[in-house]
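# What the coordinates show
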Amino acid sequence: MNYLYTLILVLAMNSMAFGQARYVMVIHGGAGTILKENMTPDQERAFREALTQALQAGYSQLQAGKSSLDAVEAAILVMEDNPLFNAGKGAVFTHEGKNELDAAVMWGPTQAAGAIAGVTTIRNPIKAARAVMEQSEHVMLTGRGAEVFAASKGLEIVEPSYFWTESRWKALERVLRRDSLKTQLDHDGNNQSSNIALTNDYKYGTVGAVALDKAGRLAAGTSTGGMTNKQYGRIGDAPIIGAGTYANQRVAISCTGWGEFFIRGIAAYDVAAQMEYGNTPVVQAASAVIEKIGKMGGDGGMIALDSAGNMAMPFNTAGMYRGAVTESGEIEIAIYK
Ligand code: ASP
């Protein structure tokens, strides 16, 4: 009997500590070397406004009783259309100066998932990922096949130049300059341009969202242009289910950071596995994964949300654009450590 009382008390305290969030959304706009001293007040304001808009878009879906998947899609659409983020318009460039986009969504209740990778003409990759999940027999489509599929489902197709932005172009030029300097110094004749770019410290900027709706259902989504100077055909963690994106009935996760490490660490699923097999709370599980990624030599962060509305946003970079909105409509945004 005593045990029962203690249990009830602990449960009650838990729900008080975390607030009784019946519906919640958490988003990220990428992790990386985001330092206050490198940011002008105008830039910071622009990021805060963009994150707020994305949260509001997701929140209005949740408030209206729509699914967490609708909320995730709505929030990510706002960020894909905003050139500040490395997703949709504003995506980073490959070594050849192209934009190749990856995205995924996952629906917690059934673990249905959809992803597209390496696409160059789909205006909103997150919509295409959702279409793969809902309107195909498959989980992942890449390149031309994904584009033909998206067009056949009536999604907007754009010229590859739609994704071009000056700031991302300059970022590629900077990396290429550093790269040629490095290869000159190395004299080893081994021009591993993408490795050099990938080891350099810079903002990543992928976007992601996780949400819990009024019916207690979780969903996750991630969308990205990948990493500046990536090799033609390189696919990151974002569209790989279990690496950059994952959702089941207990937890939804979206990652950002150095994708190769998140793939090798099966980062998103590791959070879910710890929760399922070890009963680990979401905050500890997510932190443990980011710590592991760090030990492997990678960096980045993630957002995770459990079915009780508890959220985690760990990262091991200088900053991560992130925000959350709870049932009351109260929005919280943070950028730095
Ligand atoms: N994780 C992404 C990738 O490796 C990059 C990012 O998060 O910005 O493609």
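Quantities reported herein were computed from a predicted structural model and do not represent experimental measurements. (Residues numbered from 1 in each chain as written. Predicted model: local features only at pLDDT ≥ 70, side-chain atom pairs only at ≥ 80, totals over all residues. Heavy atoms only, no water.)

### A look at the UniProt feature "active site" (unreviewed entry) in the chain
Taking the UniProt record as the reference, the feature "active site" (unreviewed entry) is found at Thr206. Within the secondary structure, Thr206 is located in the loop between helix H7 (193-199) and strand S5 (207-212). For Thr206, a relative accessible area of 7% corresponds to the buried category. Among all residues touching Thr206, those that are not within four sequence positions of it are His28, Gly29, Gly30, Asn86, Thr222, Ser223, Thr224, Cys255 and Thr256. (UniProt positions renumbered as here; feature names shortened; annotations may be inferred. Helix = DSSP H or I, 4+ residues; strand = E, 2+ residues; numbered from the N terminus. Buried < 20%, exposed > 50% of the residue type's maximum accessible area, 1.4 Å probe, protein only. Contact = heavy atoms within 4.5 Å.)

### With respect to the packing of aromatic side chains
The geometry of an aromatic ring pair is captured by two quantities: the separation of the ring centres and the angle between the planes. In this structure the tally under the stated criterion is eight aromatic pairs. Where Trp164 meets Trp169, the ring centres are 6.3 Å apart and the plane angle is 35 degrees; that geometry is what we call tilted. Of the residues examined, Trp169 reaches a relative accessible area of 30% and is grouped as partly exposed. Every member of this aromatic cluster is reached through a ring pair, and the members are Phe47, Phe85 and Tyr321. Here Lys89 stacks its cationic end above the ring of Tyr162, 5.2 Å away from the centre of that ring. (Phe/Tyr/Trp six-rings, centres within 6.5 Å; stacked < 30°, edge-to-face > 60°. Lys NZ or Arg CZ within 6 Å of the ring centre and 35° of its normal.)

### Concerning the confidence of the model for the chain
Low-pLDDT portions of the prediction should not be read for the details of their coordinates. Summarising the model, the chain shows a mean pLDDT of 90, and 87% of its residues fall at 70 or more. Of the regions scoring below 50 in pLDDT, residues 6-20 engages in three contacts with residues more than four places distant in sequence or in other chains. Low confidence marks residues 183-197, where pLDDT is under 50. Its contacts with residues over four positions away, or in another chain, come to 16 contacts. (pLDDT = per-residue confidence, 0-100.)

### Digging into the side chain of Glu147
Mapped onto the secondary structure, Glu147 falls in helix H5 (residues 143-152). At a separation of 3.1 Å, a polar atom in the side chain of Glu147 contacts the main-chain amide nitrogen of Thr121. Ignoring sequence-local partners within four residues, the contact set of Glu147 consists of Val119, Thr120, Thr121, Ile122 and Ile157. (Polar contact = N/O pair within 3.5 Å; in protein donor to acceptor, adjacent residues only side chain to side chain.)

### Comments concerning the environment of Ile303
Inspection of the secondary structure puts Ile303 in strand S9 (residues 300-306). The exposure class of Ile303 is buried, given its relative accessible area of 0%. When the C-alpha positions of Ile303 and Val210 are compared, they lie 7.3 Å apart, and in sequence the two are 93 residues distant. Each residue touching Ile303, except ones within four places of it in the same chain, is listed here: Val26, Ile27, His28, Gly208, Ala209, Val210, Ala252, Ile253, Ser254, Ala312, Met313 and Met320.

### Details of the layout of surface pockets
Each pocket or cavity is described by its volume, and for the second largest pocket that value is around 270 Å³. Lining the second largest pocket are 13 residues, and of these Met275, Pro281, Val282, Asp306 and Asn310 sit closest to its centre. Residue contributions to the lining of the second largest pocket peak at three residues, all from helix H10 (residues 282-296). Among the residues making up the lining of the second largest pocket, the classes are represented as six nonpolar, five polar and two charged. (1 Å grid on protein atoms, 1.4 Å probe; cavity = no way out; pocket = protein on both sides within 12 Å on 5 of 7 lines; lining within 4 Å. Points joined across faces, edges and corners; volume = space filled by probe spheres on them. Nonpolar A, V, L, I, M, F, W, Y, C, P; charged D, E, K, R; others polar.)

### Some thoughts on the site of the ligand
All residues adjacent to the ligand are Tyr204, Gly205, Thr206, Gly226, Met227, Arg234, Gly236, Asp237, Thr256, Gly257 and Gly259. Asp237 is positioned with one of its side-chain polar atoms (N or O) 2.6 Å from a nitrogen atom of the ligand. Thr256 is positioned such that a nitrogen or oxygen atom in its side chain is 2.7 Å from an oxygen atom of the ligand. Considered on its own, the ligand offers 270 Å² of accessible surface; in the complex 100% of this is hidden by protein. The residue makeup of the shell around the ligand, split by class, is two nonpolar, seven polar and two charged. (Near = heavy atom within 4 Å. Areas by Shrake-Rupley, 256 points an atom, 1.4 Å probe, with all protein chains shown as cover.)

### A closer look at unusual backbone geometry
Unusually for a residue other than glycine, Asn229 sits at a positive phi of about 70 degrees. Looking at the secondary structure, you find Asn229 in the loop between strand S6 (218-224) and strand S7 (245-247). A positive phi is found at Ile266, a non-glycine position, where the angle reads about 40 degrees. Mapped onto the secondary structure, Ile266 falls in the loop between helix H8 (259-264) and helix H9 (267-278).

### Comments concerning helix H2 (residues 41-63)
The end-to-end C-alpha separation of H2 is 32 Å, in line with the 33 Å expected for 23 residues at 1.5 Å each. Next to the buried residues of H2 lie strand S1 (24-32), helix H3 (68-81), S5, strand S11 (319-325) and strand S12 (331-336). (Expected span 1.5 Å × (residues − 1).)

### Describing the pattern of salt bridges
Enumeration over the complete set of coordinates arrives at 15 salt bridges. Between Arg130 and Glu73 there is a salt bridge, with the nearest N and O atoms lying 2.7 Å from each other. Here the residue Arg130 occupies a position in helix H4 (residues 125-135), and Glu73 occupies one in helix H3, the gap between them amounting to 57 residues. Taken individually, Arg130 and Glu73 each receive the classification buried, so the pair is uniform in this respect. Connected via shared salt-bridge partners are Asp70, Glu73, Arg130 and Glu134. (Salt bridge = Lys/Arg side-chain N within 4 Å of Asp/Glu carboxyl O.)

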